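One letter stands for each residue in the lines below.
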Amino acid sequence: MNMSRPRLSKTLVLSAFAAVVALILTGPLSGLVLEGYDFKTRFSAPLQIAAFVLIVRFIAGLLPESWLAPRQKNEAAPRATRFKTWQLVLGGLLVYIALASLVLIASKYWLSVGILALIYILLGLGLNIVVGFAGLLDLGFVGFYAVGAYGYALGHQYLGLGFWAAIPLAAMLAGLFGMILGFPVLRMHGDYLAIVTLGFGEIIRLVLNNWIAFTGGPNGIDAPAPTFFGWEFKANATQGGVPFHEVWGLDYSSGMLDGFIFLVLLTVVALVIYAVTRLRGMPIGRAWEALREDEIACRSLGLNHVFTKLSAFAMGASIGGLAGVFFAASQGFVSPVSFSFFESALVLAIVVLGGLGSVTGVILAALFLTLMPEALREFSDYRILIFGFAMVLIMIWRPRGMIQQRRPFFTRAKG
Amino acid sequence: MSTLLDLNSVSLQFGGIIALNRVSLSVEEGSITAIIGPNGAGKTTLFNCITGFYRAQDGQILLSTKHKPLDLVQLLGGKFRLFDAPWSNIKKVFYGFFGGTHLVARAGIARTFQNIRLFSEMTVVENLLVAQHRHLNRNVLAGFLNLPGYRKAEAKALECAFFWLDIIGLSDLANQPAAALSYGNQRRLEIARAMCTEPRLICLDEPAAGLNPNETDQLSLLVKRLRDEFKVTVLVIEHDMSLVMSISDHIVVLNYGEVIAKGSPKEVQANPKVLAAYLGSDED
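What you see is a predicted model, and the numbers here were worked out from it, not measured in a lab. (Residues numbered from 1 in each chain as written. Chains lettered and ligands numbered in written order. Predicted model: local features only at pLDDT ≥ 70, side-chain atom pairs only at ≥ 80, totals over all residues. Heavy atoms only, no water.)

**Considering the overall build of chain A**
- The number of helices and strands found in chain A is 18 helices and 7 strands.
- If you line up chain A on its principal axes, its C-alpha atoms span 80 × 75 × 45 Å.
- For chain A, the proportion of its 415 residues judged to be buried stands at 45%.
- For chain A, the share of sequence-separated contacts (at least 6 apart) that also reach a separation of at least 24 residues comes to 75%.
- Just so you have it, chain A exposes about 21,700 Å², and 70% of that area is on carbon and sulfur atoms. (Helix = DSSP H or I, 4+ residues; strand = E, 2+ residues; numbered from the N terminus. Buried < 20%, exposed > 50% of the residue type's maximum accessible area, 1.4 Å probe, protein only. Contact = heavy atoms within 4.5 Å. Areas by Shrake-Rupley, 256 points an atom, 1.4 Å probe, with all protein chains shown as cover.)

Laid out in structure tokens, this is it:
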């Protein structure tokens, strides 16, 4: 590599500096080992860490500078789509079939991981409508997730609702809650909006936690396992039900329930992806984006900003509610612990890392943030570290998220 | 010619400052009316009252319609007062919840802004499509299923958008983000966007601010064309006197929130009060 002398020496100095900083930061943590009430020193560990930092910093210094510079270009220039409609449909169908066939080969464990990943994709897509499209920073999204999950569990307990009835009803209920949240925050923007939505998410969690007579409080509540045309996914049917495997003459396996939930969830995710992609090009999606850009201009064009905002909240919340139903169904149990603020932060991280407004980016980020911890289970102590590291890297190189939202391309109508 | 817009002693006060003091004026249908006056005279405040961004505290703003004239002030909803007639209170509450600026825009008044307000991350075409949302098929299901009615409405809107892009000469930049346009182009795009709402009255707030002489000439041609070809009435605030004098049929001069002169460009130019407001007078 052809490199000028001053730059090389500068890199060396900077690397040495980084190593010293690493020594100071990690020395007391890793160099002192407690022994009873005494401690002994262990120099090898901090030196190893410092050496590692030095080498990484030096290599980073050798890379061409353009690799490390943040991308200046903010918006991917719009261009005509490269694919024809039938190609997209065929491709989507193939991906769907490939993913669906995972049910046949994947173990119960990986199926449950897959379900979790799909749930986070749904949550990310829902929040993407509110934050990415409409530009309303919502820190309480987990509230709608909880409404969906509890809607299913409580709906079964008090109204005897089944899984299939709960899907639309819980989504609608969550949408209603989204509108209820939307009304008081209509005039708020930015930080104020974030604080109020944060409070709203906490209110829902606290109500679930403390209204013991209705929700079971911190003990949680059982959510029924879903059935398929009344066939149950159990080894032995309860109270005159028919087990699925007996109807089809299969051997019972405990992964069947997960496989079934995975398939239904995959279908729902596919439909939601289609819907969200369509929404962007529809009048309502454009209205959301216009609202994000300039609310005053929207009003001057006759757009009802109240309706537009509420519809964004409701649409995002109902997708969150859908995710909640599947969460409750796959866990078989819901308790308020699952709906802490950390979940909201994680979903927001998915949306921001993936790229605000980008559907593909949100899917990739959701997969990354849910599958990575499972794949790196041996390093589970470092999970949050890696998570933070990935965030820092993406914020440096791609401040607008992994995938930038691409604007739709319009051509003049022919004739 | 009939009157399109009639302001009847409109007043607005911000704390102790009287921004508008019983302003009365009327705008003839099919005319180009200019509002001029020194800085701080209340021109933009008046515009905000007409377009529904501020609620006039007193007076009426009447827009003539096919039926009886529509009072734009009422559309914004009023202060609830217990001892008013019950019916007017019900009306106020209704408009307080569901009324607002967008109803004024839907009544047929479009506007542009002194500091350009485009949807800057959206493309030029999208800016024009957003403006046409009222003429589109907004049924969400029809959009999901891509039904023929939806497609037809979208195609029509796209056609209209490109029609306006041709007029303002931005067809080549149709898929650029609006923020990437030059200043003059952004001004023209904002006018086109306002026109896409199919207004009867378009209010231009300092459309020539920041334009060079060449662009200003183009602008005056465009404004005349809006009136002659597309039959909209134009209400314009402008500081560029040569532009004002060349395009307007009628001029209203504001100073300290009051109308000090009205009339044709010739009459206004000769009015001593106007000269005093702009240049200062000897008598003081």
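Now that the structure has been shown, the text picks up again.
**A short note on the interface of chain A and chain B**
- Contacts between the two partners involve 31 residues from chain A and, on the opposite side, 38 residues from chain B.
- Around 3,500 Å² of area is buried between chain A and chain B when both sides are counted, 61% of it from carbon and sulfur atoms.
- If you sort the residues of chain A by the area they bury against chain B, Arg286(A), Leu301(A) and Phe410(A) come out on top, with a joint share of 20%.
- Our count for the contact surface shared by chain A and chain B stands at 2 salt bridges.
- For Asp294(A), the salt bridge is made with Arg117(B), and the minimal N-O distance between the two is 3.0 Å.
- Sorting the residues of the side of chain A that touches chain B by element identifies helix H12 (256–281), helix H13 (283–293) and helix H14 (295–300) of chain A as the ones contributing at least two each. (Buried area = accessible area lost by both parts, 1.4 Å probe. Salt bridge = Lys/Arg side-chain N within 4 Å of Asp/Glu carboxyl O.)

**What to know about helix H16 (residues 341–354) of chain A**
All names here are of chain A.
- Here H16 spans 20 Å end to end across 14 residues, near enough to the 20 Å set by a 1.5 Å rise per residue.
- Among the 14 residues that make up H16, 10 are buried, leaving the element largely enclosed by the rest of the structure.
- Close packing links the buried residues of H16 with helix H6 (108–133), helix H7 (142–159), helix H17 (359–375) and helix H18 (383–397).
- Looking at the residues trailing H16, positive phi occurs at Gly355, about 120°. (Expected span 1.5 Å × (residues − 1).)

**What about H6(A)?**
All names here are of chain A.
- The end-to-end C-alpha distance of H6 is 36 Å, a good match for the 38 Å that 26 residues give at a rise of 1.5 Å each.
- At Leu127, H6 shows its largest kink, close to 35°.
- With 21 of its 26 residues buried, H6 lies for the most part within the structure.
- Gly135 lies just past H6 and shows a positive phi near 70°. (Bend = angle between axes of the 7 residues up to and from the residue.)

**A word on the sheet that holds strand E6 (residues 109–111) of chain B**
All names here are of chain B.
- Strand order in the open sheet formed by 6 strands is E6-E7-E8-E3-E9-E10, with mixed pairing between adjacent strands. Two strands bound the open sheet, and with one partner strand each, they are E6 and strand E10 (258–263). This sheet shows a mean twist of 20° between the axes of neighbouring strands, independent of strand direction.
- The pairing of strand E9 (residues 250–255) with E10 spans 5 bridges and is classified as antiparallel. Its bridge partner being in E10, Ile251 is matched across the sheet by Gly263.
- Of the strands in this sheet, E6 and strand E7 (201–205) are in contact with helix H8 (residues 183–195), which crosses E7 at around 160°. (Pairing = 2+ DSSP bridges. Axes fitted to C-alpha atoms, helices over the stretch in contact; angles between N-to-C directions.)

**Some remarks on the side chain of Ser318(A)**
All names here are of chain A.
- Within the secondary structure, Ser318 is located in helix H15 (residues 305–331).
- Judged by its relative accessible area of 16%, Ser318 is buried.
- Of note is the side chain of Ser318, whose polar atom sits 3.0 Å from the backbone oxygen of Met315.
- Ser318 has contacts with Ala171, Ala174 and Gly175, leaving out every residue within four places of it along the chain. (Polar contact = N/O pair within 3.5 Å; in protein donor to acceptor, adjacent residues only side chain to side chain.)

**Brief notes about the packing of helix H7 (residues 148–168) of chain B against helix H9 (residues 213–230) of chain B**
Residues and elements named next belong to chain B.
- The N-to-C vectors of H7 and H9 enclose an angle of 135°; their axes lie 12 Å apart at closest approach. If you check the angle between H7 and H9, you find them oblique. Along its contact with H7, which presents Phe163, Trp164, Ile167 and Ile168, the element H9 presents Leu222, Arg225, Leu226 and Phe230.
- Here the residues of the contact of H7 with H9 are counted per class, giving 7 nonpolar, no polar and 1 charged. (Parallel < 35°, antiparallel > 145°, perpendicular 65-115°, else oblique. Nonpolar A, V, L, I, M, F, W, Y, C, P; charged D, E, K, R; others polar.)

**A few points about the domain arrangement of chain A**
- Assigned domains within chain A: domain 1 (5–61) and domain 2 (85–397).
- Centre-to-centre separation of domain 1 of chain A and domain 2 of chain A, based on C-alpha positions: 42 Å. (Domains from an automatic or database assignment.)

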